[in-house]
Amino acid sequence: MSTELAPMLAYAACVPGGETGTDAAIAGQVRPQMNGPRLGQSVNAYNVSCARIIVDTTKSRSLDKRAAVIAVTTAITESTLHNYTVAVDHDSLGLFQQRPSQGWGTPAQLTDPVYSTNAFLNAMLRKFPNNGWMSGDIGTICQTVQVSAVPDAYGREVHDAQLLVDALWTAEPPSAPPADSSGMRADYNGDGLDDVAAFYDYPGLRTVLFVWTAKAGGGFTGPANVWDSGPGGWDQTRSKPVNGDFNGDGRADVGVFYNYPDLRTVLFVWTAKAGGGFTGPANVWDSGAGGWDQTRSKPVSGDFNGDGRGDVGVFYDYPGLRTVLFVWSAKTGGGFTGPANVWDSGAGGWDQTRSKPVNGDFNGDGMTDVGVFYNYPDLRTVLFVWTAKTGGGFTGPANVWDSGAGGWDQTRSKPVNGDFNGDGRADVGVYYDYPGLRTVLFVWSAKTGGGFTGPANVWDSGAGGWDQTRSKPVNGDFNGDGMTDVGVFYNYPDLRTVLFVWTAKATGGFTGPANVWDSGPGGWDQTRTNPL
C-alpha cells in the first residue's frame, strides 16, 4: 500500500479502549531510533497499540519473540501499523492487508487484530514447519507468508519492528499516572510530546483551529489547519477554550464554551483522532436560552477526580460578589455530567473579576487541583488553592502564598502552570510586567506535602528586553522529557508573530527563549489568536 495514500483511509482501534499512556511513552522512547521508510520517526501511540496487540497475541501462543518481530515487520510493511477497514488494494484489509478472496477470512475477521495476527502466525507455522522461522532472513520469511508483489519491502522494516517488539515484550503498565497525566496534557496526536494549538479569528466570522505539532528532538511543524468553520460559521470572540484528554484515550481534546446572544452557552468538543486531526465540534452541553452567561465564566480544566479523563470547570461570577466553582465531569464513552456546584463563596465572599485561575496536580496525588491569583486592592496578591478530593469535590481555598500589601500587582501577571522540575507535582509560574519593558518569569515550586516555595526569578529580560503586554503564554512538555516547558506567542508591530519557547532544565529553571516558529512580517496577527 502507498504510504502517501495510507493516512487517508479509514481505520479502527487495534485494542479495546484505544491507545494508552504506556503506548505514548513507548512511541517517544523508540521514535528517535526508528529509521524505516514506512513509519520511521512518525511512529505514534496508535501505531504502538497495534504492535502491542500483535505482540500480546504472539505471547499468548507461547511463541518466541522472533515470531512477533516477523509479524510486526509484516504489519509495518503492509499497513504502517493501521487496522484499515476500507480496501483499496484489491480487497485487502486490516493490519496485514489480508484478502477475503484469498481465503484469509471474512472482512469482519480480518479487521479484528487478534484474528488477523493469528491468521498470519498460522500461515507462518504452516510454511515453516519444525520452527524453520527461527532462523533465516526475516524479510524473506515475511515474503513467503504474504507473497507480495514487492518482496524486498519487508527487509527495510525489520529494524523498526525489532525496536517495537523489544520495548513491548516486557513492557508493564505504569503503577501510577505520570506527572502530567492529570487531564492537563496538550498532546493532540498521542506521540508523547505536547503540542501547541490556537483558534485564529479571520474576518467574516470564520475561525480556524491551528496546531503546531512538537517534533522529536525539539521544535515544531506547522501550523496546520485542523478545523475550519468557513465564512460565517464561528465567531471566535465568543469562544473561551479549554483542553484535556476528555475521553481518556491518551490524546488531548479541545473544548470551547461558546456564547450565544440570548444568555445561552454551549460547550463544544473537538475530539482528537489517532494519527492527528479532530472530529467535531460536538455539542456536549447546552445551557438553553437564559441559562448561562458565558461572559461571567472563567474556565479551568484537568482530571479533578483521578479517573484518567479530563474534566472541565468554571468560576462563575454571580451578582453580589458571589462566585461558584462548577465542574463538568467527563463520562466513560464521552460527554460530561454536570455542571455540579463544588464550591460556593456565598454572597459577598469572592469577586471573580479579581481572579486569575491556574490548575495542576500540585500535590502529586494524580488529581488536578485549582488555584487562583487573587487581586486585593492594595497591591496585595494571594495564591489560593482548592485541593481535589478522592471521590470528587475540593477542599479549600487555602492561602498558599501571600505577597503582603504593596508586594505584587496581579494585573501585571500572566500565569502559566506545569511540572517544571519533573518531580511529579505541578508548579505555577507568572510572566510579570515591570515598567521599562522588563519582564520576569517567576516560578512557585510545589513542595512535598503541599504548598509552594518561591516565587523564584528564573528568567529576566532586562530593561527594554520584553513587552509582556505583547505576550500570550502557552505551556506543555514539548520535548517529552517529563518537565513542562513554557512558550509565548509574541506580537511584533508588523503583523509578525513569533512562538518563543523556554525549555525546562533538569537542574531547575529554563533555557531560552528560543524562536521555534516565526510567521514573518505580515504573516500572522497575534491579537486574533486565542491559544489553548
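Residues numbered from 1 in each chain as written. Predicted model: local features only at pLDDT ≥ 70, side-chain atom pairs only at ≥ 80, totals over all residues. Heavy atoms only, no water.

Under an unreviewed UniProt entry, the name given to the protein chain is VCBS repeat-containing protein, and the source organism is Sphaerisporangium album.

Now for the sheet that holds strand β9 (residues 278-286). Strand pairing in a sheet relies on backbone hydrogen bonds, with the paired strands running either antiparallel or parallel. Here 4 strands make up an open sheet; going across it, the order is β6-β7-β8-β9 and the pairing antiparallel. This sheet does not close on itself; its edge strands, each paired only once, are β6 (239-244) and β9. This sheet shows a mean twist of 25° between the axes of neighbouring strands, independent of strand direction. Taken together, the 6 bridges between strand β8 (residues 264-272) and β9 define a ladder with antiparallel strand orientation. Along β9, the bridge assignment pairs V266 with D286. (Pairing = 2+ DSSP bridges. Helix = DSSP H or I, 4+ residues; strand = E, 2+ residues; numbered from the N terminus. Axes fitted to C-alpha atoms, helices over the stretch in contact; angles between N-to-C directions.)

Two aromatic rings are characterised by how far apart their centres lie and by the angle between their planes. As enumerated under the stated definition, the model contains 57 aromatic pairs in all. Between the aromatic rings of Y316 and F326, the centroid separation amounts to 6.4 Å while the plane-to-plane angle is 80°, which identifies the pairing as edge-to-face. Of the two residues, Y316 sits in strand β11 (residues 311-318) while F326 sits in strand β12 (residues 322-330), which places them 10 residues apart along the sequence. Taken individually, Y316 and F326 each receive the classification buried, so the pair is uniform in this respect. Joined through ring pairs, the aromatic side chains of F199, W227, W234, Y258, Y260, F268 and W270 make up one cluster. Of note, K59 hangs over the ring of W169, and the distance from its end group to the ring centre comes to 5.3 Å. (Phe/Tyr/Trp six-rings, centres within 6.5 Å; stacked < 30°, edge-to-face > 60°. Buried < 20%, exposed > 50% of the residue type's maximum accessible area, 1.4 Å probe, protein only. Lys NZ or Arg CZ within 6 Å of the ring centre and 35° of its normal.)

Quick look at the pattern of salt bridges now. This model, assessed by the stated rule, comprises 23 salt bridges. Notably, a salt bridge pairs R99 with D91, separated by 2.6 Å at the nearest N-O pair. For R99, a relative accessible area of 24% gives the class partly exposed. Residue R438 pairs with D460 through a salt bridge whose shortest N-O separation is 2.5 Å. Within this pair, whereas R438 is found in strand β20 (residues 438-446), its partner D460 is found in strand β21 (residues 452-460), the two being separated by 22 residues in sequence. Bridged by salt links that share partners, the residues E19, D249 and R251 form one connected network. (Salt bridge = Lys/Arg side-chain N within 4 Å of Asp/Glu carboxyl O.)

Nonpolar side chains tend toward joint burial in soluble globular proteins. Core analysis: the largest hydrophobic core is formed by 47 residues, its most contacted members being I54, V72, L81, M124 and L164. If you list the elements that add at least two residues to this core, you get α1 (21-30), α2 (45-60), α3 (65-79), α5 (113-127), α6 (138-146) and α7 (158-169). Ignoring any residue separated from it by four or fewer positions in sequence, one finds V72 in contact with A51, I54, V55, A161, L164 and V165. (Core = buried A, V, L, I, M, F, W, Y, C linked by side-chain atoms within 4.5 Å. Contact = heavy atoms within 4.5 Å.)

Let's shift gears to the side chain of Q294. Within the element layout of this structure, Q294 appears in the loop between β9 and β10 (297-302). If sequence neighbours within four positions are ignored, Q294 has contacts with R238, S239, K240, F257, Y258, N259 and T265.

To continue, consider the packing of α2 against α3. The relative placement of two packed helices is expressed as an angle between their axes plus a distance between the axes. Where α2 contacts α3, the axes come no closer than 9 Å and their chain directions differ by 150°. Taken as axis vectors, α2 and α3 run roughly antiparallel relative to one another. The chirality of how α2 crosses α3 is right-handed. When α2 is examined against α3, the residues A51, I54, V55 and T58 are found in contact with a partner set consisting of A67, A68, A71, V72 and A75. (Parallel < 35°, antiparallel > 145°, perpendicular 65-115°, else oblique. Left-handed = near helix turned anticlockwise from the far one by under 90°.)

Listed as buried for α1 are T22, D23, A24, I26, A27 and V30. Buried residues in α1 make contact with α2 and α7. Two or three places before T22, at the start of α1, stands the capping residue T20, its side-chain oxygen 3.3 Å from that residue's backbone nitrogen. (Polar contact = N/O pair within 3.5 Å; in protein donor to acceptor, adjacent residues only side chain to side chain.)

Next up on the list: the state of the cysteines. Working definition: the covalent bond between the sulfur atoms of two cysteines is a disulfide. Enumeration over the complete set of coordinates arrives at 1 disulfide. One disulfide bridge connects C14 with C50, the sulfur atoms lying 2.0 Å from each other. In this structure, the disulfide formed by C14 and C50 twists by about 80° around the S-S bond and is classed as right-handed. In this pair, C14 is assigned in the loop between β1 (11-12) and α1 and C50 in helix α2, connecting sequence segments 36 residues apart. Of the residues examined, C14 reaches a relative accessible area of 5% and is grouped as buried. For C50, a relative accessible area of 0% corresponds to the buried category. For the unlinked cysteine C142, the closest cysteine sulfur is that of C50, found at 17 Å. (Disulfide = S-S within 2.5 Å.)

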